[in-house]
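Geometric and topological summary
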Amino acid sequence: MSVPPSEASASPPEASGTLDELVAQLIPDRLPRHIALIMDGNGRWARLRSQPRIAGHHQGHLTVRRVVELCRDLGVEMVTLYAFSSENWSRPDDEVEGLMSLIEGVARLETPGLHEDDVRLRILGRMHELPDSLQDELNRGMELTRSNTGLALNLAVNYSGRAEIVDAVRKIVSDGIDSSLVDESTISDALYTAGLPDPDLLIRTAGEMRVSNFLLWQIAYAELYVTETLWPDFSKEEMCRALLSYQKRVRRFGGVVSP
Ligand code: FPP
């Protein structure tokens, strides 16, 4: 059976132009409210340069800055970054230690500027399993920025989507909620993201076509954008291309599109 051209799945051509030209093409009132990002490819970026993997993570910090700056300037409501998954503990000790101290250093360095820019920081994940000094730094950042009303920036650290659902079920049980009263909102309200909007757009760099245990419940209806670009090379221009691609999508939420 042939597919009518309007239904064909071939991707539309990628938008091109300078950053200003790409930003000008965006429709401000159709931006995603919440963008989630799987920042993959730091190790490959470092290997291509014969550098240790941690060098790629350090370079990845600069991409985080760019992405946060662009989202803040565009007026995006919320960004969630997958900084360290619960599975990442299985990496070599020196990489795990390097990542812990990088995240702590980034939090120490960036929090005052984030606060000045009215950004609110939240951490998603089992924080109590992190080194004490990292917990202290992250808690300080959350406390300092608690009342900010600009961009909401969530860092997923020691995060696993399945563990989050396990923690939610434990909370519901320990709160003594009767099983007949449990519905989707009971579960949403017990997740680390209680009260926050679900992601509209999930971006993954470095080409893998999987969701890697990230925000499993929350991405039920998220639009996906996967790019081959490695996270350290991900630019503001490419972020705009992801947003332009999102703005071309027709979101159905399981329903049909009206003719
Ligand atoms: C995945 O790339 C990336 C990570 C496990 C860490 C992400 C961390 C940063 C970008 C550091 C700074 C960020 C913050 C928010 C403090 P990979 O190592 O799996 O890459 P590979 O697949 O090429 O090996």
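The preceding data block contains the structure.
Here the residue numbers are simple positions, counted from 1 along each chain's written sequence. Where totals are concerned, whole chains, interfaces and linings use all residues; where local detail is concerned, this predicted model gives features only for residues with pLDDT of at least 70, and gives and counts side-chain atom pairs only at 80 or more. By convention in this description, side-chain values take in all heavy atoms of the structure and omit both hydrogens and water.

**Topic: the site of the ligand**
Here is the rule we go by: In this text, near means that some heavy atom of the residue lies within 4 Å of the molecule or strand in question. By the criterion applied in these results, polar contacts are pairs of N or O atoms within 3.5 Å in which, for protein atoms, one can donate a hydrogen and the other can accept it, and in which residues neighboring in sequence qualify only through two side-chain atoms. Method for areas: the Shrake-Rupley scheme with a 1.4 Å probe, in which residue coverage is limited to the protein chains shown. Cavities and pockets are found on a 1 Å grid laid over the protein atoms alone: a cavity is a set of points where a 1.4 Å probe fits but cannot escape, a pocket is an open set with protein on both sides within 12 Å along at least five of seven lines, and a lining residue has an atom within 4 Å of such a point. Pocket occupancy is defined atom-wise: a molecule lies in a cavity or pocket when more than half of its atoms are within 2 Å of its grid points.
The ligand sits among 20 residues. The nearest are Asp40, Gly43, Arg44, Arg53 and Arg91. A distance of 2.8 Å separates an oxygen atom of the ligand from a polar atom in the side chain of Arg53. Isolated, the ligand exposes 630 Å² of accessible area, and the fraction of that covered by the protein chains is 92%. The site holding the ligand turns out to be the largest pocket.

**A closer look at helix H6 (residues 161-174)**
Going by this rule: In this text, helices come from DSSP runs of H or I with a minimum length of four residues, and strands from runs of E with a minimum of two, each type numbered from the N-terminal end. Residue count minus one, scaled by 1.5 Å, sets the expected span of a helix. Relative accessible area decides the class of each residue, using a 1.4 Å probe on protein chains only: under 20% of the type maximum gives buried, over 50% gives exposed, and in between gives partly exposed. Pairs of residues are marked as contacts when any of their non-hydrogen atoms sit within 4.5 Å.
Given a rise of 1.5 Å per residue, 14 residues ought to cover 20 Å, and the 20 Å separating the end C-alpha atoms of H6 matches this to within 8%. Gly161, Ala163, Glu164, Asp167, Ala168 and Ile172 are the residues of H6 that are buried. Elements that come into contact with the buried residues of H6 comprise strand S4 (152-159) and helix H7 (184-190). One or two positions beyond H6, positive phi appears at Gly176, with a value near 70°.

**Looking at the packing of aromatic side chains**
Put simply, the test is: A pair of aromatic rings is counted whenever rings of Phe, Tyr or Trp (Trp by its six-membered ring) have centres within 6.5 Å, and the orientation is called stacked for planes under 30 degrees apart, edge-to-face for over 60 and tilted otherwise.
On inspection of all chains with the given rule, the structure shows 7 aromatic pairs. Measuring from ring centre to ring centre gives 4.2 Å for Tyr82 and Phe214, while their planes differ by 10°; the resulting arrangement is stacked. Of this pair, Tyr82 sits in strand S2 (residues 78-85) while Phe214 sits in the loop between strand S5 (201-204) and strand S6 (223-226); the two residues are 132 residues apart in sequence, bridging distant segments of the chain. By the burial criterion, Tyr82 is buried, and Phe214 matches it.

**Here we look at helix H4 (residues 93-116)**
Quick note on the threshold: The term bend refers to the angle at a residue between two fitted axes, each drawn through seven residues, those ending there and those starting there.
Between its first and last C-alpha, H4 extends 35 Å over 24 residues, near the 34 Å set by a 1.5 Å rise per residue. Glu110 marks the point of greatest bend in H4, at about 45°, and the proline Pro112 comes within the next four residues.

**Overview of the packing of H4 against helix H5 (residues 132-145)**
Each pair of packed helices gets described by two things: the angle between the helix axes and the distance between those axes. Defined as follows: Lines are fitted to the C-alpha atoms to define the axes, a helix being fitted only along its stretch in contact, and any angle between axes, read from their N-to-C directions, falls within 0 to 180 degrees. An angle below 35 degrees is read as roughly parallel, one above 145 as roughly antiparallel, one from 65 to 115 as roughly perpendicular, and any other as oblique. The sense of a crossing depends on the near helix, which, turned anticlockwise from the far helix by less than a right angle, makes the crossing left-handed and, turned clockwise, makes it right-handed. Amino acids are sorted into nonpolar (Ala, Val, Leu, Ile, Met, Phe, Trp, Tyr, Cys and Pro), charged (Asp, Glu, Lys and Arg) and polar (every other residue, Gly among them).
Between H4 and H5, whose axes approach to 9 Å, the crossing angle comes to 15°. Judged by the angle between their axes, H4 and H5 are roughly parallel. For the crossing formed where H4 meets H5, the hand is left-handed. Here H4 contributes Met100, Ile103, Glu104, Ala107, Arg108, Thr111 and His115 to the contact with H5, which in turn contributes Ser133, Leu134, Glu137, Leu138, Gly141, Leu144 and Thr145. Class assignment for the residues of the contact of H4 with H5 results in 6 nonpolar, 5 polar and 3 charged.

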